[in-house]
Amino acid sequence: MKTFATTPRQDGFHMPAEFEPHERCWMIWPQRRDTFRYGAKLAQKTFIEFARAIARFEPVTVCANDDQYEVALRAVGDFAQVVEVSNNDFWMRDTGPTFVTNGRELRGVDWTFNAWGGLFDGLYFPWDKDDRVASKVCALVGVDRYRLDDFVLEGGSIHVDGEGTLVVTESCLLSPGRNPEMRKHEIEDTLRDYLGVEKVIWLPQGIFLDETNGHVDNVFNFTAPGECLLAWTDDPADPQYELSRACLDTLSRETDAKGRKLKVRKLHIPDPVLLTEEERDGMDQVCEGWPPEAGSRLPASYANYYTANGGIVFPLFDDPVHDAMAAEVLREAYPDREVVGVSCHEMFLGGGNVHCATQQQPAVN
């Protein structure tokens, strides 16, 4: 595997949109005891169901630690490929490579990962195995990579339209736990160079109390060139209301890289999901602030879905009204795809959801 000293932009590569064709989906088998309760056994049952849902639409590869390889193989081996890849945690979106292409060749961007904030406000230590996941996935795919040893980024903090537009949040990318020595324009220049984009749109914040400092994939997604979804609430008393309004104001003022005004569809969040005492007691304590206190609100959002070949796999929150509303909005946004809801509560207790747990490998000619 070759590591390039150039940038994707210099080499004519860019990150495709998630709604473009995929070769496969990459995931990680859950097992971390302080991320998931009761030794991750309940999360593993949830994982099987939503991985099976994605496998209906495209091939799935599941990475597992050596001590869980046989367990994962027995659980998902009938519908997914299982490979041994050492890891510290579960969230492939943030530790896996960001794939870029020139239409004929695929390469991987290997960002530095520091557990969402390093020693400043990261969620665990060590994270060295997670920082090597992207390189190992590139080797398994058989593609060369770009490695950034001095730039921290997670895949959940970026969304592109495949036509030159990138959307991020200021709360995440400007947080002091990531690249505090860099100014905003320097971060933007790096994103342009390594994602092959022309324009960066900065949303103020993401979902209320998101421990990733507000990843964009929990609040926003592109559904087609010039079209997007925004997590929303109609309740002015909800803390999310002002956050979403600020994002909408930004999107309403901006145009994309092609000069188009964005069509924004509102994707209403579920009723507040609170961590119960029983759920918290089932998690091992890892650091100050995790797991959250019982009664804490969790960052529930339907925007954290996965766009597969011919399908949309989105999380259900046992909220019949808003679950149904989300399905309706997603069908409207993706009329040519089958919309599938999966119950992901046990996985969601670990801090993320469907999109966080996946990483698409784009198809190339």
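What counts and how
- Residues numbered from 1 in each chain as written.
- Predicted model: local features only at pLDDT ≥ 70, side-chain atom pairs only at ≥ 80, totals over all residues.
- Heavy atoms only, no water.
- Helix = DSSP H or I, 4+ residues; strand = E, 2+ residues; numbered from the N terminus.
- Rg over C-alpha atoms; globule rule 2.2 N^0.38 Å.
- Buried < 20%, exposed > 50% of the residue type's maximum accessible area, 1.4 Å probe, protein only.
- Contact = heavy atoms within 4.5 Å.
- Areas by Shrake-Rupley, 256 points an atom, 1.4 Å probe, with all protein chains shown as cover.
- Core = buried A, V, L, I, M, F, W, Y, C linked by side-chain atoms within 4.5 Å.
- Expected span 1.5 Å × (residues − 1).
- Arc of directions from axis to C-beta.
- Pairing = 2+ DSSP bridges.
- Axes fitted to C-alpha atoms, helices over the stretch in contact; angles between N-to-C directions.
- Phe/Tyr/Trp six-rings, centres within 6.5 Å; stacked < 30°, edge-to-face > 60°.
- Lys NZ or Arg CZ within 6 Å of the ring centre and 35° of its normal.

### Topic: the overall build of the protein
- Of the regular secondary structure elements, the protein holds 13 helices and 18 strands.
- For 365 residues, the compact-globule estimate of 2.2 N^0.38 gives 21 Å, and the protein sits close to it at 19 Å.
- The principal-axis extents of the C-alpha atoms in the protein amount to approximately 50 × 50 × 45 Å.
- Relative to its 365 residues, the protein shows a buried fraction of 62%.
- Of all intrachain contacts in the protein linking residues separated by at least 6 positions in sequence, the fraction that spans at least 24 positions is 75%.
- As displayed, the protein offers around 14,000 Å² of accessible surface, 47% of which is attributable to carbon and sulfur atoms.

### Focus: the nonpolar core
- By size, the foremost hydrophobic cluster in this structure holds 52 residues, and its most contacted members are Trp 29, Phe 47, Phe 50, Val 76 and Met 347.
- Residue assignment for this core shows that the elements contributing at least two residues are β1 (22-28), α2 (41-55), β2 (60-64), α3 (69-76), β3 (81-84), α7 (133-141), β15 (306-308) and β17 (338-343).
- Sort the elements by how many residues they give to this core and α2 lands first, with seven residues.
- Sequence-distant contacts of Trp 29, defined by excluding residues within four places in its chain, comprise Gln 44, Phe 47, Ile 48, Val 62, Cys 63, Ala 64, Gln 68, Val 71, Ala 72, Ala 75, Val 76 and Phe 90.
- Grouped together as the second largest cluster of nonpolar side chains are 24 residues, Val 160, Leu 166, Leu 191 and Val 197 included.

### Some details on the side chain of Glu 188
- Looking at where Glu 188 falls in the secondary structure, it is placed in helix α9 (residues 184-195).
- Judged by its relative accessible area of 16%, Glu 188 falls in the buried class.
- Other than its neighbours up to four places away in sequence, Glu 188 contacts Val 200 and Trp 202.

### Section: α9
- Taking 1.5 Å per residue, 12 residues should reach 16 Å; α9 reaches 16 Å between its end C-alpha atoms and fits that length.
- Looking only at α9, the buried set comprises Ile 187, Glu 188, Thr 190, Leu 191, Tyr 194 and Leu 195. For α9, the angular spread of the buried residues around the axis is 160 degrees, confining them to a single face.
- Phi for Gly 196, located one or two positions after α9, is positive at around 65 degrees.

### Side note on the sheet that holds strand β18 (residues 359-362)
- Strand order in the open sheet made by the four strands is β3-β2-β1-β18, with mixed pairing throughout. Both outer strands of the open sheet, β3 and β18, are each paired with one neighbouring strand and no more. On average, adjacent strands in this sheet sit at an angle of 25 degrees to one another, irrespective of strand direction.
- Each of β2 and β3 touches α3; the most contacted strand, β3, lies at about 175 degrees to it.

### Structural notes on the pairing of strand β4 (residues 98-101)
- Every second residue of β4 is oriented toward a common face, with Thr 98 and Val 100 on one face and Phe 99 and Thr 101 on the other, all of them buried.
- Taken together, the four bridges between β4 and strand β5 (residues 106-112) define a ladder with antiparallel strand orientation. In the strand pairing of β5, Thr 101 is matched with Leu 106.
- Hairpin geometry of β4 and β5 is characterised by an intervening segment of four residues between the two adjacent antiparallel strands and by a positive phi of about 95 degrees at Gly 103.

### Overview of the packing of aromatic side chains
- If you walk through the whole model with that rule in mind, you get 19 aromatic pairs.
- When the centroid spacing of 5.4 Å and the interplanar angle of 80 degrees are considered together, the rings of Phe 36 and Phe 90 count as edge-to-face. Here Phe 36, found in the loop between β1 and α2, pairs with Phe 90, found in the loop between β3 and α4 (92-95); they are 54 residues apart in sequence, far enough to count as distant. In this structure, Phe 36 and Phe 90 share a single accessibility class: buried.
- Each ring, one from Phe 113 and one from Trp 116, has its centre 5.1 Å from the other, and the planes form 90 degrees; the classification is edge-to-face. You'll find Phe 113 and Trp 116 in the same group, each marked buried.
- One aromatic cluster is present, formed by Trp 29, Phe 36, Phe 47, Phe 50, Phe 90 and Trp 91 through successive ring pairs.
- For the cation-ring pair, Arg 32 lies above Tyr 124, with the distance from its terminal atom to the ring centre recorded as 4.2 Å.
- One residue, Lys 266, lies across the ring of Trp 232, its end atom 4.1 Å from the ring centre.

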